[in-house]
Amino acid sequence: MEQITVNTKPIQGQKPGTSGLRKKTRTFKEPHFLENYVQSIFDGIGGIEGKTLVLGGDGRYFNDRASQVILRMAAANGAARVIVGQDAILSTPAASHLIRKRGTDGGLILSASHNPGGPDADFGLKYNAANGGPAPESITDKIYAATQGLTRYRITETQDIDLSTPGVTALGQMQVEVVDPVADYAMLMEEIFDFDAIRALLSNGFRLRFDAMHAVTGPYAVEILENRLGAASGSVVNAVPSPDFGGGHPDPNPIWASDLVAAMMSDDAPDFGAASDGDGDRNMIMGRGVYVTPSDSLALLAAHAHLAPAYKRGLKGVARSMPTSAAVDRVAEKKGIACYETPTGWKFFGNLLDAGKATLCGEESAGTGSDHVREKDGLWAVLLWLNILAETGKSVKELLSEHYAEYGRNYYSRHDYEDVESAKASALMDALRGKLGSLPGQSFAGLTVKTADEFSYDDPVDGSRATAQGLRVGFEDGSRVVFRLSGTGTVGATLRVYLEALETDPAKCDRDPQEALKPIIAAADEIAGIKSHTDRDAPNVIT
Ligand code: G16
């Protein structure tokens with residue numbers, strides 16, 4: 001076993017995005033690409049000598065190879081110990097929990113989340129800090145700076161480490177501890193929720209369907225929902241993770257989880273349906289005959305969270321990303337708790353959670369979570385829903401109707417234009433940015449603009465400022481549209497257009513969202529010239 005130093009040169013394109021570095025798998029497999037980035041993480045966080053790290057990923061293609069490289073590099077860089085999920089598997093929330101529970105110095109998570117996996121698909125790597133959360137920009141900036149000045153990386157030359165059995169082995173001076181990826185996480189869920197109440201619900205004829213989308217939550221969901229809570233065997237579908245997610249797109253939304261939608265809209269629909277993504281941090285919620293948007297789910301969970309044991313004393317506050325609908329704001333207002341608006345990216349919730357300013361957080365991109373970890377958490381959201389359904393004895397549809405009657409409905413939709421030429425997408429954003437100041441007072445498709453600005457965020461805990469976080473246009477009637485470029489894609493650019501309108505008349509709360517949002521959709525195109533800039537007639541994904 002020999003520790004060597006390999007000379008290298010900076011590689012372009014290693015700037016972390018919304019959530020770590022995401023690239024085509026074949027880019028990650030190019031000579032030195034992975035090694036350069038891993039060494040830059042180690043250098044960017046001030047070295048790892050004597051430190052303990054967590055390592056795991058969503059099991060996608062290249063997860064196993066990359067884990068071996070990271071372990072050999074961690075040993076050569078002097079780490080004391082790396083705690084690895086068995087077979088290098090850990091869901092993102094389980095990794096966050098392990099970092100916190102074991103008090104480690106941070107962790108490396110191998111995942112491109114909901115992006116497809118495989119040799120021709122996507123791969124990703126991110127560093128989570130000692131609080132269990134995705135590194136804030138102050139750290140990712142240092143990592144990026146390290147990528148640009150890198151001249152060498154350190155690695156140990158040795159055989160693969162056996163990661164298939166729990167236990168401790170040595171890699172040079174470093175300990176490699178392989179752990180069951182599910183056990184600690186399942187125990188945490190038992191502490192948060194009333195498993196007896198959920199068990200009683202499930203033994204009373206209540207049926208659920210959880211679609212693991214051939215991704216990492218399969219083993220977690222089988223253990224928790226079927227083994228511990230007694231859901232009928234087979235309630236968890238697509239439960240066996242595969243390196244290419246069964247050839248699918250593990251993104252829990254009505255487009256990619258269309259099988260679940262079909263099942264939940266059928267005559268014989270179960271009472272509750274849910275899905276999670278590649279690495280287990282996103283969720284999609286459905287009831288019999290009804291889809292719950294992520295923004296509505298966040299609001300409803302905030303309204304009822306006190307029904308679960310961990311939140312029985314109420315919430316300290318809530319937080320949502322800026323493009324997420326204001327449905328949760330209305331709940332916070334009524335409960336008299338703070339509501340924070342952050343940029344897109346779970347990393348921005350970390351300080352609020354650490355400082356005890358927020359208990360529940362959520363994003364329109366199907367992420368919901370709480371202060372139990374520092375990541376969004378798909379199965380946690382499913383269990384909170386089940387706990388609420390068990391306590392209220394109501395159906396998802398009833399809860400949603402009651403919510404709209406009490407708070408009104410924030411009609412919401414996101415239109416994505418994927419794989420647009422980067423230059424064209426930037427031109428659209430630049431042109432819009434340039435005319436924001438002149439928009440107020442002007443009318444588009446019958447709607448008059450009241451406010452128009454580019455979102456910046458001043459973190460109330462550490463005072464850091466994040467700029468250029470999306471262009472937003474608010475109309476006189478309270479509706480709004482937000483334009484943003486995605487920070488998680490791997491080819492070209494993805495333009496996201498977020499559309500929202502508030503309806504307070506309960507009689508008008510059961511319309512088709514695309515119908516209800518028609519005027520805003522038309523105004524958005526007039527304002528930004530989407531069709532002319534992108535040459536696209538319509539978005540390719542509507543959620
Ligand atoms: C990541 C981030 C989320 C963000 C989402 C979408 O989720 O953790 O906070 O909302 O990306 O980002 P964008 O709009 O820039 O593509 P995940 O599940 O992909 O890790």
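Owing to the predicted nature of the structure, the values given are computational and were not obtained by experimental measurement.

## Describing the pattern of salt bridges
In a structure, side chains of opposite charge can pair up when their charged atoms sit close to one another. Tallied over the entire structure, the rule returns 33 salt bridges. One salt bridge in this structure joins Asp196 and Arg199, with 2.7 Å as the shortest N-O distance. In this pair, Asp196 and Arg199 are both assigned in helix α7 (residues 195-202), three residues apart and thus about one turn of the helix distant. In this structure Asp196 comes out as exposed when scored by relative accessible area, which is 54%. A relative accessible area of 33% means that Arg199 is categorised as partly exposed. For Arg374, the salt bridge is made with Asp354, and the minimal N-O distance between the two is 2.6 Å. Of this pair, Arg374 sits in the loop between β18 (367-370) and α13 (378-392) while Asp354 sits in helix α12 (residues 350-354); the two residues are 20 residues apart in sequence, bridging distant segments of the chain.

## A short note on the nonpolar core
Leu225, Phe272 and Trp380 are the most contacted members of the largest nonpolar core, which totals 72 residues. When residues of this core are assigned to their parent elements, the largest contribution, ten residues, is made by α13. Membership of the second largest hydrophobic core comes to 41 residues, among which are Val6, Val69, Leu71 and Leu125.

## Let's talk about the environment of Gly529
Its location among the elements puts Gly529 in the loop between α17 (518-528) and α18 (530-534). Along the primary structure Gly529 and Thr52 are separated by 477 residues, whereas in three dimensions their C-alpha atoms are 51 Å apart. Sequence-distant contacts of Gly529, that is, excluding residues within four places in its chain, are made with Leu428 and Ala524.

## A short note on the UniProt feature "domain: Alpha-D-phosphohexomutase alpha/beta/alpha" (unreviewed entry) in the protein
UniProt marks residues 14-150, 185-286 and 295-407 with the feature "domain: Alpha-D-phosphohexomutase alpha/beta/alpha" (unreviewed entry), using the numbering shown here. Counted over residues 185-286, helix gives 35% and strand 15%. Its end C-alpha atoms are 24 Å apart. In this annotation, residues 295-407 is assigned 45% helix and 16% strand; the end-to-end C-alpha distance for the span is 13 Å.

## Observations regarding the site of the ligand
Around the ligand lies a shell of 19 residues, among which Glu363, Arg484, Gly487, Thr488 and Arg496 are the nearest. Between an oxygen atom of the ligand and a side-chain N or O atom of Ser113, the distance comes to 2.7 Å. Contact distances for the ligand include 3.3 Å between an oxygen atom and a backbone N or O atom of Gly345. Calculation on the ligand without its partners gives an accessible area of 460 Å², and the protein chains cover 99% of this total. Split by residue class, the shell around the ligand holds one nonpolar, ten polar and eight charged.

## Quick look at the pairing of strand β6 (residues 122-128)
In summary, the side chains of a regular strand alternate between the two faces of the sheet. Where burial is concerned, most of β6 is hidden: seven out of the seven residues are buried. Along β6, one buried face is formed by Asp122, Gly124, Lys126 and Asn128 and the opposite face, lined by Phe123, Leu125 and Tyr127, is buried too. Relative to β6, strand β2 (residues 21-24) is paired through four bridges, and the arrangement is antiparallel. Considered in β6, the bridge of Lys23 is made with Phe123. As defined by bridge partners, strand β5 (residues 107-110) adjoins β6 across four bridges and the pair is classed as antiparallel. Bridging from a neighbouring strand, Leu110 pairs with Leu125 of β6.

## Observations concerning the packing of aromatic side chains
By the definition in use, this model includes eight aromatic pairs. Consider the rings of Phe28 and Phe123, whose centres lie 5.1 Å apart with planes at 75 degrees: the pair is edge-to-face. Of this pair, Phe28 sits in helix α1 (residues 25-28) while Phe123 is found in strand β6, placing the two residues 95 residues apart along the sequence. Given the relative accessible area of 1%, Phe28 is considered buried. Residue class for Phe123 comes out buried when judged on its relative accessible area of 0%. Aromatic rings pair up to connect Phe28, Phe33, Phe62 and Phe123 into one cluster. One residue, Lys334, lies across the ring of Tyr407, its end atom 5.3 Å from the ring centre.

## Digging into the side chain of Asn283
Topologically, Asn283 is positioned in strand β13 (residues 283-287). Within the structure, the side chain of Asn283 is placed 2.8 Å from the side chain of Thr368, a separation counted as a polar contact. Contacts of Asn283, omitting those with residues within four sequence positions, involve Pro252, Ala275, Ala366, Gly367, Thr368, Gly378 and Ala381.

## What about the pairing of strand β17 (residues 360-363)?
Residues Leu360 and Gly362 line one face of β17 and the alternating positions Cys361 and Glu363 line the opposite face, and both faces are buried. Bridge count for strand β15 (residues 317-321) against β17 is three bridges, and the pairing is parallel. If you follow Ala319 over to β17, its bridge partner there is Cys361. Pairing geometry for β17 and β18, over four bridges, is antiparallel. By the bridge assignment, Glu363 is partnered in β18 with Gly367.

## Focus on the environment of Arg511
Along the chain, Arg511 turns up in the loop between β26 (493-503) and α16 (513-516). Note on Arg511: relative accessible area 39%, which makes it partly exposed. C-alpha of Arg511 to C-alpha of Tyr411: the two residues are 100 residues apart in sequence and 8.8 Å apart in space. Those residues in contact with Arg511 that lie beyond four places of it in its chain are Arg409, Tyr411 and Ala516.

## A word on the sheet that holds β17
Pairing is mixed across the open sheet formed by four strands, whose spatial order is β16-β15-β17-β18. Whereas interior strands pair on both sides, the edge strands pair on one side only; in this sheet they are β16 (338-342) and β18. Going from strand to strand, the sheet's axes swing by 15 degrees on average, the running direction of each strand aside. Across the sheet, helix α10 (residues 294-304) touches β15, β17 and β18, and the angle it forms with β17 is around 170 degrees.

## Let's talk about the sheet that holds strand β14 (residues 290-292)
The five strands are arranged β11-β10-β12-β13-β14 in an open sheet whose pairing can be described as mixed. Both outer strands of the open sheet, β11 (236-237) and β14, are each paired with one neighbouring strand and no more. Its contacts with the sheet put helix α14 (residues 396-407) on β12 (272-276), β13 and β14, and the angle it makes with β14 is roughly 60 degrees.

What counts, and where the lines are drawn
Residues numbered from 1 in each chain as written. Predicted model: local features only at pLDDT ≥ 70, side-chain atom pairs only at ≥ 80, totals over all residues. Heavy atoms only, no water. Salt bridge = Lys/Arg side-chain N within 4 Å of Asp/Glu carboxyl O. Helix = DSSP H or I, 4+ residues; strand = E, 2+ residues; numbered from the N terminus. Buried < 20%, exposed > 50% of the residue type's maximum accessible area, 1.4 Å probe, protein only. Core = buried A, V, L, I, M, F, W, Y, C linked by side-chain atoms within 4.5 Å. Contact = heavy atoms within 4.5 Å. UniProt positions renumbered as here; feature names shortened; annotations may be inferred. Near = heavy atom within 4 Å. Polar contact = N/O pair within 3.5 Å; in protein donor to acceptor, adjacent residues only side chain to side chain. Areas by Shrake-Rupley, 256 points an atom, 1.4 Å probe, with all protein chains shown as cover. Nonpolar A, V, L, I, M, F, W, Y, C, P; charged D, E, K, R; others polar. Pairing = 2+ DSSP bridges. Phe/Tyr/Trp six-rings, centres within 6.5 Å; stacked < 30°, edge-to-face > 60°. Lys NZ or Arg CZ within 6 Å of the ring centre and 35° of its normal. Axes fitted to C-alpha atoms, helices over the stretch in contact; angles between N-to-C directions.

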